[in-house]
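# A structural walkthrough
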Amino acid sequence: MSYTHKPTVIETIAEKLHLIADLHAEGSGPATKSAAVDGEQVNCPPPDQWDNWVEYDSKSWPERKSKEYMLIPTACFNCEAGCGLLAYVDKETMTMRKLVGNPYHPASRGRNCAKGPATLNQIEDTDRVLYPMKRSGKRGGGKWDRVSWDSVLDDIAGRMRKAIQEGRNNEISYHVGRPGHEGFMEWVLRAWNVDGHNSHTNVCSSGARFGYAIWEGLDRPSPDYTNAKFMLLVSAHLESGHYFNPHAQRIVEARMKGAKLAVLDPRLSNTASMSDYWMPSFPGSEPAILLAMAKVILDEGLYNRDYLENWVNWQEYLQQDYQGTPVTFENFIEALKKEYSSYTPEFAEQESGVKAAMIVEVARKIGEAGTQFATHVWRSASSGNLGGWAVSRTLHFLNVLTGSVGTPGGTSPSAWNKFHPDVHAKPKPQTFWNTLQLPDEYPLAHFELSFLLPHFLKEGRGKLDVYFTRVFNPVWNYPDGFSWIEALEDESKIGLHAALTPTWSETAYFADYVLPMGHSAERHDIISYETHAGKWIAFRQPVLRVAHARMGHPVEYTWQANIGEVWEEDEFWIELTWRIDPDGSLGIKQYCMSPYRPGEKITIEEYYRYIFERVPGLTAKAAKEGLSALEYMQKYGAFEVESNVYKVNERTLSEADLQGSTMQPETGLITKNGKSVGVQVNGANCIGFPTPSRKQELYSRTMVDWKWPEYRLPVYIKSHVHQEIMNKSNGEFALVPTFRLPVLIHSRSGNAKWLAEIAHRNPVWMNATDAKSLGFEDGDLIRVNTDIGFFINRAWVTEGIRPGVVACSHHIGRWRREQDPAANRWSTNRVEIKRQGGGKWTMRVDESIEPYESSDPDSSRIFWSDGGVHQNITFPVHPDPISGMHCWHQKVRIEKAHEADRYGDVFVDTDRSFAIYKEWLAKTRPAPGPGGLRRPLWMNRPFRPDEKTYYL
Ligand code: SF4
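Below is a short write-up of the structure.

Conventions used here
- Residues numbered from 1 in each chain as written.
- Predicted model: local features only at pLDDT ≥ 70, side-chain atom pairs only at ≥ 80, totals over all residues.
- Heavy atoms only, no water.
- Pairing = 2+ DSSP bridges.
- Helix = DSSP H or I, 4+ residues; strand = E, 2+ residues; numbered from the N terminus.
- Axes fitted to C-alpha atoms, helices over the stretch in contact; angles between N-to-C directions.
- Buried < 20%, exposed > 50% of the residue type's maximum accessible area, 1.4 Å probe, protein only.
- Contact = heavy atoms within 4.5 Å.
- Parallel < 35°, antiparallel > 145°, perpendicular 65-115°, else oblique.
- Left-handed = near helix turned anticlockwise from the far one by under 90°.
- Nonpolar A, V, L, I, M, F, W, Y, C, P; charged D, E, K, R; others polar.
- Polar contact = N/O pair within 3.5 Å; in protein donor to acceptor, adjacent residues only side chain to side chain.
- Salt bridge = Lys/Arg side-chain N within 4 Å of Asp/Glu carboxyl O.
- Phe/Tyr/Trp six-rings, centres within 6.5 Å; stacked < 30°, edge-to-face > 60°.
- Lys NZ or Arg CZ within 6 Å of the ring centre and 35° of its normal.

Reading across the sheet, the 4 strands line up as E14-E13-E12-E15 and stay open at both edges, with parallel pairing between neighbours. Each end of this open sheet is capped by a strand with a single partner; those strands are strand E14 (277-279) and strand E15 (373-376). Between one strand and the next, the sheet's axes are offset by a mean angle of 15°, whatever the strand orientation. Note that strand E13 (residues 260-264) and E14 share 3 bridges and pair parallel. If you follow leucine 264 over to E14, its bridge partner there is methionine 279.

Rendered as C-alpha cells:
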C-alpha cells in the first residue's frame, strides 16, 4: 500500500508563499510508500525498494534534489539488546547517511533508543583510530606507529604458537567488554585449546545471575511484560537497564493495558517517576522487602499451590531441615511460614525505609496478579551489595510463590528466549582450567574474577604472554583503575597487550597494539537475547561491504570496505587462527576449514551461511521469496525463530531420551548415566529445569555442600554498606555508583557527539535534608572519600534520592593525557597523572572539554566544558565471596573540598587497595567441595572446559 502525505493548511500556505519547498506538487518528487509488518503499515520504505530508495536531500533544501539510497539492515552494538537498525547508504558517495530502526526486527520492532542512530557519530568521529597502531617507546608512553594488518597477525600468531607449543596455554587471555557474536569465541578459544575467556560479567551482572542460577540453573530473567498485570523492577530498568528499548516498549505497552508498575530504587530514576509505586529502599535492604512480601503472600494464602506442589523441591527441604516430620505439602507451607516469620513488613521498613503499608499493598497486588507477575533485576542492587545475589534470589521467590515462572505475563528463564547457533566446527572442550580467571577461592563464582586480575598478577599467581582486550576498558570502567595501569605497564606480567577497540580508550593507551574494530554497521555478528516471550536471531552486518557487493564490487575482507582499515573481529580471529598453525601440526587449522570447500579457509559468508541454514524455519521462509537463508538475513537482518514461548519446563522427554533412564518414585527425578535429565510431574515426563532436582530449588543442597549452609534458603544478607555502619554526623553515606544515564554507553559514547551533547556531567546526588544538615549548597565542591582515596565533584541537591544515600552516574569522567592521541574530545578531559611512589597516584584535569577545529564543523560548536569526574578509579575491589560479583556500592565520607582541591581531582593509594582485596579474599570458603571438585558439576561455567579439569 502506498500513501501520500496530505499537506496541512499551514504547509499549503507556506508552500504557496515559497517559505518552504513545495514537495506535494504532482510529479514533484519521489513517491513515498510504507512497509507492512505482520499486516500493519509501518513508517518505513517497503523492502522491495530497499535497493533503490529515492528521497529528497534535506541538506539541499530549499532546492529539491533527489538522492538514491540503498537500505541495508544491521543490528545495534551500543548495548546488549542488539536492536535492529536500517542504514541508508548514499549510492553516489557510498557513505552512510543515517541509521534508523528496522521494523523487521522482532524485538525492537523499528524502535531504538538514542544510542542506535548515534552509531553514525561513532563511525564518522574525526578522532577515530583508523589503522592498526603499534606502540614505539615504553608502554603507555603515547607514541604510536601505523603498521599493516599482516605484520600484526604474523607477530601475534607467532607468539601464540610458541606459547601453545610450550604448553603455556593459560598465558593467553581474551578479555571482553562488549560481547556480540554468539558462539564465535567458543569455537576459536577451543580451537586453540585455551581456557582464556575472561569477561566483564563480574562487574556487571553475575550477582543477579547467581541468584537465578541457584534457583533454576539458568541465570537471567526474561519477563513477558506485554501480558503482565503487575511488574516489579529492582532497578531503573525501564529507562536504562538491560535490554533497554525492547523491554521499555513492552513495559509501556503493559501499562497502557492497565498493568501496574513498582520500582525499588533509592533514586527517583526516570523509571521510578513513571511507576505506580516508588519504593526508595536503602541500598542492600531489598531482600528484606521482598521477603516481607513473600511472608504476606504466604500468610494470606495468595500463593499458587499447584505450582509450588509440582515444581519446587519442597520435599527435599522438609527431609533435610525437618527430619521426622511427615513430608506433606501442608507441613511444607507451615515450615515456610515459620521460616519467614521474622520478615515482617515492619522489619522490612526498619531495614529499608520503605513504609510497611506500601510493602503490604504491593504484596497483595502481586498475589492478585498471580501468574501474570513480571519481574526484573539486573545490575543495581544485585551488583552493588555484599550478598547482592540474594536480591535476585528473593525476587524470584515471589515468582515461584505466585507460579509466574514461564507463564504468559510472568517471568521465564532467559535461555528459553535465546537462540544458540550451530557453528560449523566443534572443537573439544579445552583441557586447561585457568585459575587467573576462576581461582579456587571462588568455587561458585558465576563468571570470571576479571576485576581481580591486577591483584592476581601482583601476587605472582601467573602471568600473561598474550592479552587481548576486546571493546574493553578496565582502566576506566572497572574499580581500582590505577592498579590496572600498574599491571598493564609491567611487561614482566603482561608480555603483549593487543587492544581490539572501535575507539581510543584509557586502556588502549597502555597497549602494544591498538587494532581498530568496527561499530555495529561495520562488522558481522549474530545476536539473540531474551527481550520477550519469543526467540529471535538478528544479523549484524557491515553495511558498506554489503553495499559494495550489491553494486557489483565485492571485497574480500570487511576492512577493505570500511572507513580507513577498520576491521571486524570475526575475520581477524579466522586469519589469526590460521596463522597460528600454518602447517596444521598443532591441530588448530582444521577448525578454520570451509564446510563447503574442503581444505580451503572458511570465509565469513560461509561461516554465517552454515549457521543460517540450520536455524529452524529460516530456510523455508527464505525460499518463499526465492532467497537462501543467508540472503534472507542479509535482506531483512532478523528472523523470529519461535513466538509465545512458555512453560518450556513442561515439555516432555522423547522416547530416545527416556531409553535407559530411571525414575525415583519419591521425587519423580529421572536420571540417565548418572545425570538428571528430567522429572515426572503428574505422570508426565518433563524436561524440567537444569538443576539437580530438575525443579525450582528453594532448598539448595549445593549451598550446604559448598560450605554455606546458612544460605540454603532465600534469605536477607546485610550489605557492606548497611546503614548501621554509617556515622551520619561524620558525613558517611552509602554511595550508589551503578546507575547509568540512558543515552550513554560505558566508555563508547565518548565519540558520539549527539549523546555527549545530551549528557556530559555526573554530579553527586544528595538529598536536601542531608545537604542541609551538612551545610552543603547545590553545586558546592565536595570531597568524596572512599577506602582508597577520594574524588572531587559537585553536589547536586535534590529530593530525588532517599536521605542517607548519595549517587553518581558511572558513565562520565573520561580522560586522556597530554601524550595520548587526541581522542573522544566530545567527552574527555585532558588530565595530568602523577605516580608519587608507595602506590600513591594523583590525577588532575589540566584542560576541560573545549571546541576544536576538525573536518566536522560541529566540533567547533561544543558549548559544554564539563567532562565530569572519574569516580570508579577511586573504588577498591569488593569481590562477593560467593557469586564473585564486584560489590560496587561504597561507604564514603563526604566533606567540603579542601582549599587546594579542584573539580575532577582524584587521589588513590593502590597499596591500600591491595590490602582491601586481601580483606575480601579472606571472606571466601575455597574449593575443594565434595569429591575434590573445584566447582559443582551441575552449575554452568562460561566456556566450560573438559570435565577432568573440574577436579583438583
Ligand atoms: S536499546 Fe538502544 S543501545 Fe541498546 S541495542 Fe537498542 S538501540 Fe542500541
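Attention now goes to the pairing of strand E12 (residues 230-233). Side-chain alternation along E12 places Phe230 and Leu232 on one buried face and Met231 and Leu233 on a second face that is also buried. Strand direction decides the pairing type here: E12 and E15, joined by 4 bridges, are parallel. Paired with methionine 231 across the bridge in E15 is alanine 374. With 4 bridges connecting them, E12 and E13 associate as parallel partners. Each residue of the ladder has a partner; that of leucine 233, found in E13, is valine 263.

The next subject is the sheet that holds strand E8 (residues 144-146). Across a sheet, strands are paired by hydrogen bonds formed along the backbone, either parallel or antiparallel in direction. Taken together, 7 strands build an open sheet; the order of strands is E8-E7-E19-E18-E17-E9-E10 and the sheet is mixed. For this open sheet the edge positions go to E8 and strand E10 (197-199), each flanked by a neighbour on one side alone. Neighbouring strand axes in the sheet, compared pairwise and without regard to direction, differ in orientation by 20° on average. One ladder, built from 4 bridges, connects strand E18 (residues 494-501) with strand E19 (residues 513-516); its direction is parallel. In the strand pairing of E19, threonine 501 is matched with proline 516. Against the sheet, helix H19 (residues 481-489) contacts strand E9 (172-176), strand E17 (464-470) and E18, and its axis sits at roughly 120° relative to E18.

With omega at 10°, the peptide bond leading from tryptophan 61 into proline 62 counts as cis. With respect to the secondary-structure elements, proline 62 resides in the loop between strand E3 (53-56) and strand E4 (66-75). Here the bond from alanine 927 into proline 928 is cis, since omega is 10°, no more than 30 degrees from zero. In this structure, proline 928 sits in the segment after helix H29 (910-921). The phi angle at phenylalanine 943 is positive, at roughly 50°, despite the residue not being glycine.

Next up on the list: H19. In terms of residue burial, H19 counts as a mostly covered element, since 8 of its 9 residues are buried. Taken together, the buried positions of H19 are Gly481, Phe482, Ser483, Trp484, Ile485, Glu486, Ala487 and Leu488.

Okay, the pairing of strand E36 (residues 906-909) next. In this structure, strand E30 (residues 789-798) lies alongside E36, joined through 3 bridges in antiparallel fashion. Within the sheet, the bridge partner assigned to phenylalanine 791 lies in E36 and is valine 906. Here strand E34 (residues 840-847) runs beside E36; their pairing, made up of 4 bridges, is antiparallel. Pairing of lysine 840 across the sheet is with aspartate 909, part of E36.

Let's shift gears to the packing of helix H9 (residues 286-299) against helix H16 (residues 389-402). Interhelical geometry of H9 versus H16 gives an angle of 15° and a closest axis separation of 8 Å. Our classification of the angle between H9 and H16 gives roughly parallel. For H9 against H16, the interelement crossing comes out left-handed. Side by side, H9 and H16 meet where Glu286, Pro287, Leu290, Leu291, Met293, Ala294, Ile297 and Leu298 of the first sit next to Ala390, Val391, Thr394, Leu395, Phe397, Leu398, Leu401 and Thr402 of the second. In terms of residue class, the contact of H9 with H16 is made up of 13 nonpolar, 2 polar and 1 charged.

Let us now look at the side chain of threonine 503. Looking at the element boundaries, threonine 503 is found in the loop between E18 and E19. Using a relative accessible area of 4% as the deciding quantity, one classes threonine 503 as buried. For threonine 503, the side chain forms a polar contact with the side chain of asparagine 824, separated by 3.0 Å. Those residues in contact with threonine 503 that sit more than four places away from it in its chain are Val129, Ser747, Arg748, Asn751 and Asn824.

Summed over all chains, the structure comprises 73 salt bridges. One network of salt bridges, in which partners are shared, links Arg159, Lys162, Glu166, Arg168, Glu171 and Asp465.

Another aspect to go through is the packing of aromatic side chains. Taken as a whole and judged by the stated rule, the model has 55 aromatic pairs. Considering the side-chain rings of tyrosine 632 and phenylalanine 639, the 6.2 Å spacing of their centres and the 90° angle between planes classify their relative orientation as edge-to-face. Accessibility classification places tyrosine 632 together with phenylalanine 639 in one group, the buried group. Each member of the aromatic cluster is reached from another via a ring pair, and the members are Trp149, Tyr174, Trp192, Phe468, Tyr557, Trp567, Phe572 and Trp573. A cation over a ring is seen here: arginine 783 above phenylalanine 790, with NZ or CZ 3.7 Å from the ring centre.

Function cannot be read off these values alone, since they describe shape.
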